[in-house]
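# Chains, contacts and geometry: an overview
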Amino acid sequence: MQASGDARLINLSDDAIDYIEENSAYQRFTIPANSYAFQNEDVSTITAYAILVGNTNTIDEDLGYELARLMHEHAEENTHSQSAFITLENALNGSEGLPIHPGAKKYYEEQGLTVDSPVAELGNTEAKEEFILGTGSQGGTYYPLGGEMATIWNRYLENQNFTNIETGASIENLVSIRDNNMDLGMTVHAPAQDAIAGSGEFDSGAIDNVAFIGHIYPEVIQIITRERSNIDSLSDPGFIE
């Protein structure tokens, strides 16, 4: 987000956040003070999570382990700004309600993390060399960030090549994995939960070959007003609904 000094981030109230958490997949998030030049205090809001999921019919345990390991241990080589959120501290954000890939689980537990998610069952994976990563539109965040991730995997994994492709993002990536036309996909955690549960956009049938590999970055709701407006909350007079 770009903003001048005449800007203020608006807090969501605890009651509002509690309601949203109870009625959606969004979760509480704190934007730390000084995240922006004009921001002097922490701001309470909500977030969804961008995550990486894999096709359990094509990503075997060893590869799942390496994908998770490399995206974290070489995160400093990823030049996209959102890669700053690819840390072990954040690694399991967005995993709630999703089966985790056994290779990713092994890596995270080796790093001392507690993994509570059920473990995905792998299909009869066969050795392959070419892998497709579904991202989003070229004008968004997923495509360039996914390109950086693929570059890192290609740098360190021999005899395997990863190509990021432009897609319609979350839903298209999940459907393409379901149809075995894609090996990896970037998605918001909420539609991934729907895909596993067979709800929402996927009420015609659950997807059973998608597994969580790792958190990528938070997709934070940011509510902003002008400093001179004197609006401190959504309930203040003058706030336009």
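Presented here is a report on the structure given in the accompanying data block. (Residues numbered from 1 in each chain as written. Predicted model: local features only at pLDDT ≥ 70, side-chain atom pairs only at ≥ 80, totals over all residues. Heavy atoms only, no water.)

## Comments concerning the packing of aromatic side chains
Summed over the entire model, instances satisfying the criterion amount to six aromatic pairs. Centre to centre, the rings of Tyr36 and Phe38 are 5.5 Å apart; their planes meet at 10 degrees, and the pair counts as stacked. Taken together, a centroid distance of 6.3 Å and an interplanar angle of 80 degrees make the contact between Tyr142 and Tyr217 edge-to-face. Linking Tyr142 in helix α4 (residues 142–156) with Tyr217 in strand β7 (residues 210–220), this pair joins segments that are 75 residues apart in sequence. Accessibility assignment for this pair places Tyr142 and Tyr217 in one class, buried. An aromatic cluster of at least three residues, connected via ring pairs, comprises Tyr65, Tyr107 and Tyr108. Just above the ring of Phe131 sits the side chain of Lys128; from NZ or CZ to the centre is 5.2 Å. (Phe/Tyr/Trp six-rings, centres within 6.5 Å; stacked < 30°, edge-to-face > 60°. Helix = DSSP H or I, 4+ residues; strand = E, 2+ residues; numbered from the N terminus. Buried < 20%, exposed > 50% of the residue type's maximum accessible area, 1.4 Å probe, protein only. Lys NZ or Arg CZ within 6 Å of the ring centre and 35° of its normal.)

## Digging into the side chain of His101
Mapped onto the elements, His101 comes out in the loop between α2 (61–73) and α3 (102–110). Its relative accessible area of 0% is what places His101 among the buried residues. In terms of polar contacts, His101 uses its side chain to reach the backbone carbonyl oxygen of Ile59, at 2.7 Å. (Polar contact = N/O pair within 3.5 Å; in protein donor to acceptor, adjacent residues only side chain to side chain.)

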